[in-house]
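Listed below are the residues making up each chain.
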Amino acid sequence: MTGFTVNGEISKIYRNDNGIFTDINAGLKEIAFGSCSWGDYDNDGDLDILLSGAWITKIYRNDNGVFTDINAGLANVVWVPFPGEIMIVMEIWISIDRQYN
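Only a predicted model underlies this, so the values are computations on that prediction, with no experimental measurement involved. (Residues numbered from 1 in each chain as written. Predicted model: local features only at pLDDT ≥ 70, side-chain atom pairs only at ≥ 80, totals over all residues. Heavy atoms only, no water.)

(A) Structural view of the nonpolar core. Ranked by size, the top nonpolar core spans eight residues in total: I13, A26, L28, I31, I49, L51, Y60 and F67. Excluding residues that lie within four positions of it along the chain, I31 makes contacts with T2, G3, E9, I10, S11, L51, S52, G53 and I56. (Core = buried A, V, L, I, M, F, W, Y, C linked by side-chain atoms within 4.5 Å. Buried < 20%, exposed > 50% of the residue type's maximum accessible area, 1.4 Å probe, protein only. Contact = heavy atoms within 4.5 Å.)

As structure tokens, this is what we get:
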């Protein structure tokens, strides 16, 4: 979950323990106006996370519940899943005046 609260930007992952949601303190970059997508980019069976918003994009590798920024150096992107084992990354470029090019 990403967003903006009265205390500032947030990025959190909650685990569902039989209807009780617990913040796992994943240590993600806090961003506003963002989104997150899950996918297994390294094919290890753990769902990794792509976090994107407010001029920043991060990919975090999931190693048994420990999330590590892989320092991918990406612009604003979105993951597009396809049936099977492949996942495609598409870059979305946004100019300074926020017009899509």
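Still more to cover.
(B) Focus on the pairing of strand β7 (residues 56-63). Relative to β7, strand β6 (residues 48-53) is paired through five bridges, and the arrangement is antiparallel. Paired with L51 across the bridge in β7 is K58. Taken together, the four bridges between β7 and strand β8 (residues 66-69) define a ladder with antiparallel strand orientation. Bridge assignment links N62 to a residue of β8, and that residue is F67. Connecting β7 to the antiparallel partner β8 that follows it, the hairpin turn spans two residues, and N64 within it adopts a positive phi of roughly 55°. (Pairing = 2+ DSSP bridges. Helix = DSSP H or I, 4+ residues; strand = E, 2+ residues; numbered from the N terminus.)

(C) View of the packing of aromatic side chains. All told, the structure shown has one aromatic pair when counted by the stated rule. With a centroid separation of 6.1 Å and an interplanar angle of 70°, the aromatic rings of W38 and F67 are classed as edge-to-face. Here W38 is found in strand β5 (residues 34-39), whereas its partner F67 is found in strand β8, with 29 residues between them in sequence. A residue is classified by how much of its surface remains accessible, and F67, at 12% relative accessible area, is buried. (Phe/Tyr/Trp six-rings, centres within 6.5 Å; stacked < 30°, edge-to-face > 60°.)

(D) Quick look at the pattern of salt bridges. Summed over all chains, the structure comprises four salt bridges. A salt bridge links R15 to D17, with the nearest nitrogen and oxygen atoms 3.0 Å apart. (Salt bridge = Lys/Arg side-chain N within 4 Å of Asp/Glu carboxyl O.)

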